[in-house]
Amino acid sequence: MEALNLLNASGPTVEVREPFTGECLAKFPTSVASDVNAAFERARRAQRSWERAPLSDRCAIMLRFHDLVLHKRSDGLDLVQRETGKARKDANEEMLDVCLTARHYARDARRLLREKRHRGAFPLLVGVRQRSVPVGVVGVISPWNYPVTLEASDAIHALIAGNAVVLKPDLQSTLSAVWVADLFRQAGLPEGIFTVVAGEGGDVGPMVIDRADYVMFTGSTRVGRLVASRCGERLIGCSMELVGKNAMIIRADADMESAASIAVRASFSNSGQLCISMERIYVPENR
């Protein structure tokens with residue numbers, strides 16, 4: 001895969017296998033401390049210019065990225081399926097999600113980021129102005145189950161707001177990450193604004209957290225606690241999407257045929273690898 005040259009890695013080589021066949025999908029190097037340092041140094045240099053770029057320019061790049069995802073969707077679907085083993089319809093949901101997210105923030109960024117005025121503690125005497133400013137370099141740590149969605153959608157709003165992003169994907173979905181990075185490049189995103197580092201979460205994840213100005217993490221509750229603790233020690237913000245324990249409650253007056261159909265879809269979408277899938281179902285005893 002030609003886009004692998006966008007990977008910031010010079011360490012030991014790993015092999016990723018296809019879930020469908022068990023055959024080797026790709027071999028690529030992993031990132032060591034010097035690679036992560038270099039990625040963040042480039043991101044910080046590039047971010048200073050990026051935040052000064054007109055918002056209209058940033059939005060235009062994101063709309064071009066939206067068009068590229070649609071144009072090259074077939075390639076992306078093939079890649080996601082080979083990495084994760086998911087059904088094509090589930091992979092297609094990812095492409096549509098990314099397109100909707102990119103289009104939403106590109107169209108609404110001016111409204112979302114404009115300066116807002118609020119009443120102060122002493123009306124008519126004191127006023128408050130709320131301004132949105134970039135935090136700097138955002139570290140995104142994403143899992144394998146929704147690679148394109150969680151690699152791109154978690155970065156889009158940060159990029160439009162003037163931040164740079166360093167992404168650490170799951171090893172299994174690293175190819176999707178560099179595919180996303182290549183589309184951002186083709187859309188006109190300046191070099192260094194969106195970079196990818198690779199490696200095991202326990203090795204490379206802490207390096208990203210220790211260098212980022214803000215962290216977005218999706219994964220297990222156990223690891224989420226570690227991420228939050230590490231961010232807390234550095235006094236930086238973080239957003240986390242952790243494992244859910246969702247319940248489906250079926251009332252006595254429910255249409256059972258419809259409820260059964262919903263239960264199947266809610267429990268087994270994306271082969272059950274979904275944070276909001278149903279973990280338990282409550283049914284009235286008399287039904």
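Above this note sits the structure.
Reading guide: rules and limits
- Residues numbered from 1 in each chain as written.
- Predicted model: local features only at pLDDT ≥ 70, side-chain atom pairs only at ≥ 80, totals over all residues.
- Heavy atoms only, no water.
- Salt bridge = Lys/Arg side-chain N within 4 Å of Asp/Glu carboxyl O.
- Helix = DSSP H or I, 4+ residues; strand = E, 2+ residues; numbered from the N terminus.
- Buried < 20%, exposed > 50% of the residue type's maximum accessible area, 1.4 Å probe, protein only.
- Polar contact = N/O pair within 3.5 Å; in protein donor to acceptor, adjacent residues only side chain to side chain.
- Contact = heavy atoms within 4.5 Å.
- Axes fitted to C-alpha atoms, helices over the stretch in contact; angles between N-to-C directions.
- Parallel < 35°, antiparallel > 145°, perpendicular 65-115°, else oblique.
- Left-handed = near helix turned anticlockwise from the far one by under 90°.
- Nonpolar A, V, L, I, M, F, W, Y, C, P; charged D, E, K, R; others polar.
- Expected span 1.5 Å × (residues − 1).
- Phe/Tyr/Trp six-rings, centres within 6.5 Å; stacked < 30°, edge-to-face > 60°.
- Lys NZ or Arg CZ within 6 Å of the ring centre and 35° of its normal.
- Pairing = 2+ DSSP bridges.

Visitor: Is there a simple way to explain the pattern of salt bridges in this structure?
Guide: Two side chains carrying opposite charge are able to pair once their charged atoms lie near each other. Evaluation of the coordinates by the stated rule reveals twelve salt bridges. In this structure, lysine 27 engages glutamate 15 in a salt bridge whose closest nitrogen and oxygen atoms are separated by 3.8 Å. A residue pair is termed long-range when its members are at least 10 positions apart, and lysine 27 in strand E2 (residues 24-29) and glutamate 15 in strand E1 (residues 13-17) qualify at twelve residues. Its relative accessible area of 54% is what places lysine 27 among the exposed residues. Its salt-bridge partner being aspartate 108, residue arginine 111 comes within 2.9 Å of it at the nearest N-O pair. Here the residue arginine 111 and the residue aspartate 108 both occupy positions in helix H4 (residues 88-113), the gap between them amounting to three residues, near one helical turn. Residue arginine 111 is classed as partly exposed on the basis of its relative accessible area of 42%. In the salt-bridge network here, residues are joined through shared partners; they are Glu15, Arg17 and Lys27.

Visitor: Whenever I open this one, the side chain of threonine 174 confuses me. Can you help?
Guide: Among the structural elements, threonine 174 can be located in helix H6 (residues 174-187). The exposure class assigned to threonine 174 is buried, which follows from its relative accessible area of 0%. In this structure the side chain of threonine 174 is engaged in a polar contact, spanning 3.0 Å, whose partner is the backbone oxygen of leucine 171. Discounting residues that sit within four places of it in the chain, threonine 174 has contacts with Leu7, Phe28, Glu83, Pro169 and Ala198.

Visitor: Quick question: what am I supposed to make of the packing of helix H2 (residues 55-71) against H4 here?
Guide: Each pair of packed helices can be described by the angle between their axes along with the distance between the axes. Packing of H2 against H4 leaves a shortest axis separation of 9 Å and a crossing angle of 165 degrees. Taken as axis vectors, H2 and H4 run roughly antiparallel relative to one another. Both H2 and H4 take part in a crossing whose hand is left-handed. When H2 is examined against H4, the residues Leu55, Ser56, Cys59, Met62, Leu63, Phe65, His66, Val69 and Leu70 are found in contact with a partner set consisting of Met95, Val98, Cys99, Ala102, Arg103, Tyr105, Ala106, Arg107, Ala109, Arg110 and Leu113. Split by residue class, the contact of H2 with H4 holds 15 nonpolar, two polar and three charged.

Visitor: When you look at unusual backbone geometry in this model, what are you seeing that I'm missing?
Guide: For residues other than glycine, phi is negative in most cases, and the peptide bonds are mostly trans. The backbone of leucine 235 sits at a positive phi, close to 60 degrees, despite the residue not being glycine. Counting through the fold element by element, leucine 235 comes out in the loop between helix H8 (221-234) and strand E9 (237-241).

Visitor: Explain helix H5 (residues 147-160) here, please?
Guide: Residues that lie three or four places apart on an α-helix share one face, since the helix turns once every 3.6 residues. Under the 1.5 Å per step criterion, the end-to-end length of H5 is 20 Å for 14 residues, consistent within 8% with the ideal 20 Å. A large share of H5 lies buried, amounting to 13 of its 14 residues. Once H5 ends, the next one or two residues include glycine 162, with phi positive near 100 degrees.

Visitor: What is the right way to look at the packing of aromatic side chains in this model?
Guide: Across all of its chains, the model carries two aromatic pairs by this definition. Plain terms: the ring middles of phenylalanine 65 and phenylalanine 184 are 4.0 Å apart, the flat faces sit at 15 degrees to each other, and that makes the pair stacked. Of this pair, phenylalanine 65 sits in helix H2 while phenylalanine 184 sits in helix H6; the two residues are 119 residues apart in sequence, bridging distant segments of the chain. Per residue, the accessibility class of phenylalanine 65 equals that of phenylalanine 184, and both read buried. What makes phenylalanine 184 buried here is its relative accessible area of 1%. Feature note: the residues Phe65, Phe184 and Phe194 constitute an aromatic cluster, connected by ring pairs. A cation over an aromatic ring shows up here: arginine 58 above the ring of tryptophan 50, its NZ or CZ 6.0 Å from the ring centre. For lysine 86, the ring lying beneath its charged end belongs to tyrosine 146, and the centroid distance is 4.1 Å.

Visitor: Would you mind showing me how to read the sheet that holds E9 here?
Guide: Consider a sheet: its strands pair through backbone hydrogen bonds, and that pairing is either parallel or antiparallel. One open sheet accounts for five strands, arranged E7-E6-E5-E8-E9; its pairing is parallel. Bordering the open sheet on either side are strand E7 (194-196) and E9, each of which pairs with just one other strand. With direction set aside, neighbouring strand axes in the sheet form an average angle of 15 degrees. With four bridges connecting them, strand E5 (residues 137-141) and strand E8 (residues 214-218) associate as parallel partners. Within the sheet, the bridge partner assigned to isoleucine 141 lies in E8 and is phenylalanine 217. Relative to the sheet, H6 contacts strand E6 (164-168) and E7, its axis offset from that of E7 by approximately 155 degrees. Relative to the sheet, helix H7 (residues 201-211) contacts E5, E6 and E8, its axis offset from that of E6 by approximately 165 degrees.

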